[in-house]
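Examining the three-dimensional arrangement
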Amino acid sequence: MANRDAEETKLRGIAASPGICIGRAYLVDQEGVDVVSKYSVMESNLRDEIKRFKTAVKNAKDELRSIIENTPEELHPHANILETHLVLFEDKMLYDRTIETIEKEKVNAEWAFKKVVSGVKSMFQNIKNSYLKERAEDIIHVSQRIMRKLVGVEAVNIGDIDKRVILVAHDLSPADASQIKTDKIMGLVTERGGRASHTGIIARALEIPAVMGLDHATKLIKNDDLIIVDGSTGIVITRPAEQTLADYGGRQIRYREYQTAVSRDSHLLAETTDGFIVPVMGNIELSDEAASVVEHGGDGIGLYRTEFQYLSGARFPKESELFEKYKRVVEMMAPKPVTIRTLDINGDKAVNGFFDDAENNPALGLRAIRYCLKNPDVFKTQLRAILRAAVFGNVRIMFPMISSCEEVREAKRLLNEAADSLAEEGETFRRDIKIGIMVEVPSAVVMADLLAEEVDFFSIGTNDLIQYLLAIDRDNTDVSHLFQPLNPAIIRMMKHVCDVGGEKGVQVFMCGEMAGEPLYIPLLLGLGINELSMNPQSIPAVKSTIRVLSAKDAGRFAEDVLRRPSASEVMKLLRNEYGDILSDKVYTE
Ligand code: PEP
Ligand code: MG
């Protein structure tokens, strides 16, 4: 009978950083210390106990500082993620509450600290928003570092690993990820995290394949197992058969050759065979990622998600702090456009006490523009920073989650107020910038003709449009098989927006994940999307895809697609029609 352990197994997670690697698994337990004992501390010893806690925090902080100082050159842009961790060490929620608990309950520091951290974890438990979840992860990483100092356990130092391996971990903090040496660590597999997590961002910056959000990875994969990680499809194969190894070995070579080939002319514009130029832009979450857009040949920034700067600190950033970040990006990209999307935050509780009172349904709650219109001071601070940064290059402003004309009018009214206040103060700024909206709520699609009267451009956000139109929670892995970009309902919505844009002279862009997938490009071109924006690494492949397509043929093809009743039939048609032309560009399992 076959040994079940020896059988090849295919596991599925989130494709967080593209590419393929094959190698031995190296399991790292970054979970830290779970078992701590509780004991009472006499009144007279409480001061010493508190001092012991403070020393542990200081040592943990010093350790992180030295990690930041020793961060390799190529990761310097990401060191600011770790700098935000430094601030968290003295976060009231952790620091003050632990000291209070030691004093009030007269218990040892480990126990008090563990109790406080458990409280924070349970507050975060029901939060669905991925950004907030990831900020909760930051707090947990910091607390694990403190706990290890308190109980005197040293963690595995990723930077000390001296074999060529693939890291497999429950979770990896950005500090751990920043210690990765790419000549040693070939790839990453984690149970936690996703594309938008800081560790996902670092993996992409290092250009190592990563699959994240793979449930039970540390149980299903054993130390030293031979594994294949395909970060383009989110597949991990354990104990692969000879044939599978040969197959993936071939894919790996083709992927590398392809990357080299497409990167050669990624700095040139992408023009179809019949002369249509399609700007290919980058999406960024942090200002430092603008460098990656430039490096991969992006024609500008089609989506600057600005919420990270709000979610990583204990308070909201000041106008001057926002201005400095925006200015850097705008100057770096000038004269290419930078589309700054205003705050897409998931509820005011992100600042004050959101831990105590999470929304039941954050995706349908006080998110994005709804939050900003309810908090005009926060909104105007950001708008003023954007208008000031606009002086340094080519800025567009974009409002997220628009669902009605009133919201756009109100947002524009506040933008005017922000401009007026700058004028009164004699500040230098630019008023004449292009204004656009994300089209990501179905009502915005239905109202597109009226919304077109208010704005200069639309940008289709497929990540949310699919979520809201098909009623599929984008973060829920149980329904992820229904999250279909090629669902005919989605395609019809995109067609409607493109048609309205054409009639009304409003440009139609796309900045959802769909825009970065080569196989979808013929359809997007055929529907009449004017500009595409994606994660920077996908830019070369998408540009090279556009260059082998004819816009006219793609238009005819889109007509055919619109008659197909299901996502699988659309996919079949795409493969029949374009499978050959795009065979080297499409990642399949
Ligand atoms: C989208 O919804 O498609 C989008 C690009 O925005 P985000 O992923 O930031 O919600
Ligand atoms: Mg969105």
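Read on for a plain summary of the structure. Every value quoted in this text rests on a predicted model; they were computed, and no experiment measured them.

1. Here's the deal with the overall build of the protein
Looking only at helices and strands, one finds 23 helices and 16 strands in the protein. A burial count over the protein gives 57% of its 589 residues as buried. A fraction of 70% describes how many contacts in the protein between residues 6 or more apart in sequence connect residues 24 or more apart. Total accessible area computed for the protein in this model is approximately 25100 Å², and 49% of it derives from carbon and sulfur atoms.

2. Remarks on the coordination of the magnesium ion (ligand 2)
Those donors, Glu-440 (OE) and Asp-464 (OD), are the protein atoms that reach the magnesium ion (ligand 2), and they lie 2.0 to 2.1 Å from it. Within this pair, whereas Glu-440 is found in the loop between strand E13 (434-439) and helix H16 (442-446), its partner Asp-464 is found in helix H18 (residues 462-470), the two being separated by 24 residues in sequence. Residues Glu-440 and Asp-464 agree in their burial class; the two are buried.

3. Concerning the sheet that holds strand E12 (residues 394-399)
Sheet architecture is closed into a barrel: eight strands sit in the order E9-E10-E11-E12-E13-E14-E15-E16, paired in parallel fashion. Each strand of the sheet is rotated relative to its neighbour by a mean of 25°, with strand direction disregarded. Relative to strand E11 (residues 337-341), strand E10 (residues 301-305) runs parallel, the two sharing three bridges. Bridging across to E11, Ile-301 finds its partner in Val-338. Strands in contact with helix H21 (residues 539-547) are strand E9 (280-284) and strand E16 (531-534); relative to E9, the strand with the most contacts, it is inclined by about 160°.

4. Quick word on the packing of aromatic side chains
In this structure the tally under the stated criterion is eight aromatic pairs. An angle of 80° between the planes, with centres 5.0 Å apart, marks the rings of Tyr-310 and Phe-316 as edge-to-face. By the burial criterion, Tyr-310 is buried, and Phe-316 matches it. Here Phe-323 and Phe-392 contribute two aromatic rings whose centre-to-centre distance is 6.0 Å and whose plane-to-plane angle is 55°, an arrangement assigned as tilted. Separated by 69 residues along the polypeptide, Phe-323 in helix H12 (residues 319-333) and Phe-392 in the loop between helix H14 (376-389) and E12 bring together distant segments of the chain. Its relative accessible area of 10% is what places Phe-323 among the buried residues. The exposure class assigned to Phe-392 is partly exposed, which follows from its relative accessible area of 30%.

5. Brief notes about the packing of H12 against H14
Angle between the axes and distance between the axes are the two parameters that describe a pair of packed helices. Packing of H12 against H14 brings their axes to within 8 Å, and their N-to-C directions diverge by 35°. The handedness of the crossing between H12 and H14 comes out as right-handed. Counting all contacts with H12, which are made through Glu-319, Leu-322, Phe-323, Tyr-326, Lys-327 and Val-330, the residues of H14 involved are Thr-381, Gln-382, Arg-384, Ala-385, Ile-386, Arg-388 and Ala-389.

6. Structural notes on helix H23 (residues 567-578)
Quick reminder: α-helices carry 3.6 residues per turn. Residues three or four places apart thus point the same way. For H23, built from 12 residues, the straight-helix expectation of 16 Å at 1.5 Å per residue is met to within 8% by its first-to-last C-alpha distance of 16 Å. Residues of H23 that are buried: Ala-567, Val-570, Leu-573, Leu-574 and Tyr-578. Buried residues of H23, viewed axially, fall in a sector of 120°; they line one side. Looking at H23, the residues exposed on the side facing more than 90 degrees away from the buried face are Ser-568, Lys-572 and Asn-576.

7. Observations regarding the environment of Val-548
Among the secondary structure elements, Val-548 is positioned in the loop between H21 and helix H22 (551-561). Sequence separation between Val-548 and Glu-271 is 277 residues, and the spatial gap between their C-alpha atoms is 8.7 Å. Val-548 has contacts with Thr-273, Ile-581 and Leu-582, leaving out every residue within four places of it along the chain.

8. Section: the site of ligand 1
Surveying the vicinity of ligand 1 reveals 15 residues, the closest of which are Arg-305, Arg-341, Gly-461, Asn-463 and Arg-474. Here Thr-462 contributes a backbone N or O atom positioned 3.1 Å from an oxygen atom of ligand 1. Within the contact set of ligand 1, an oxygen atom lies 2.8 Å away from a backbone nitrogen or oxygen of Asn-463. Starting from 290 Å² of accessible surface for ligand 1 in isolation, the protein chains cover 98%. Of all elements in the fold, only E10 and H18 reach the threshold of two or more residues within the shell around ligand 1. Tallied by class, residues from the shell around ligand 1 come to four nonpolar, four polar and seven charged.

Scoring rules and cut-offs
- Residues numbered from 1 in each chain as written.
- Chains lettered and ligands numbered in written order.
- Predicted model: local features only at pLDDT ≥ 70, side-chain atom pairs only at ≥ 80, totals over all residues.
- Heavy atoms only, no water.
- Helix = DSSP H or I, 4+ residues; strand = E, 2+ residues; numbered from the N terminus.
- Buried < 20%, exposed > 50% of the residue type's maximum accessible area, 1.4 Å probe, protein only.
- Contact = heavy atoms within 4.5 Å.
- Areas by Shrake-Rupley, 256 points an atom, 1.4 Å probe, with all protein chains shown as cover.
- Donors = N, O, S within 2.8 Å, 3.2 Å for Na, K, Ca; no water.
- Pairing = 2+ DSSP bridges.
- Axes fitted to C-alpha atoms, helices over the stretch in contact; angles between N-to-C directions.
- Phe/Tyr/Trp six-rings, centres within 6.5 Å; stacked < 30°, edge-to-face > 60°.
- Left-handed = near helix turned anticlockwise from the far one by under 90°.
- Expected span 1.5 Å × (residues − 1).
- Arc of directions from axis to C-beta.
- Near = heavy atom within 4 Å.
- Polar contact = N/O pair within 3.5 Å; in protein donor to acceptor, adjacent residues only side chain to side chain.
- Nonpolar A, V, L, I, M, F, W, Y, C, P; charged D, E, K, R; others polar.

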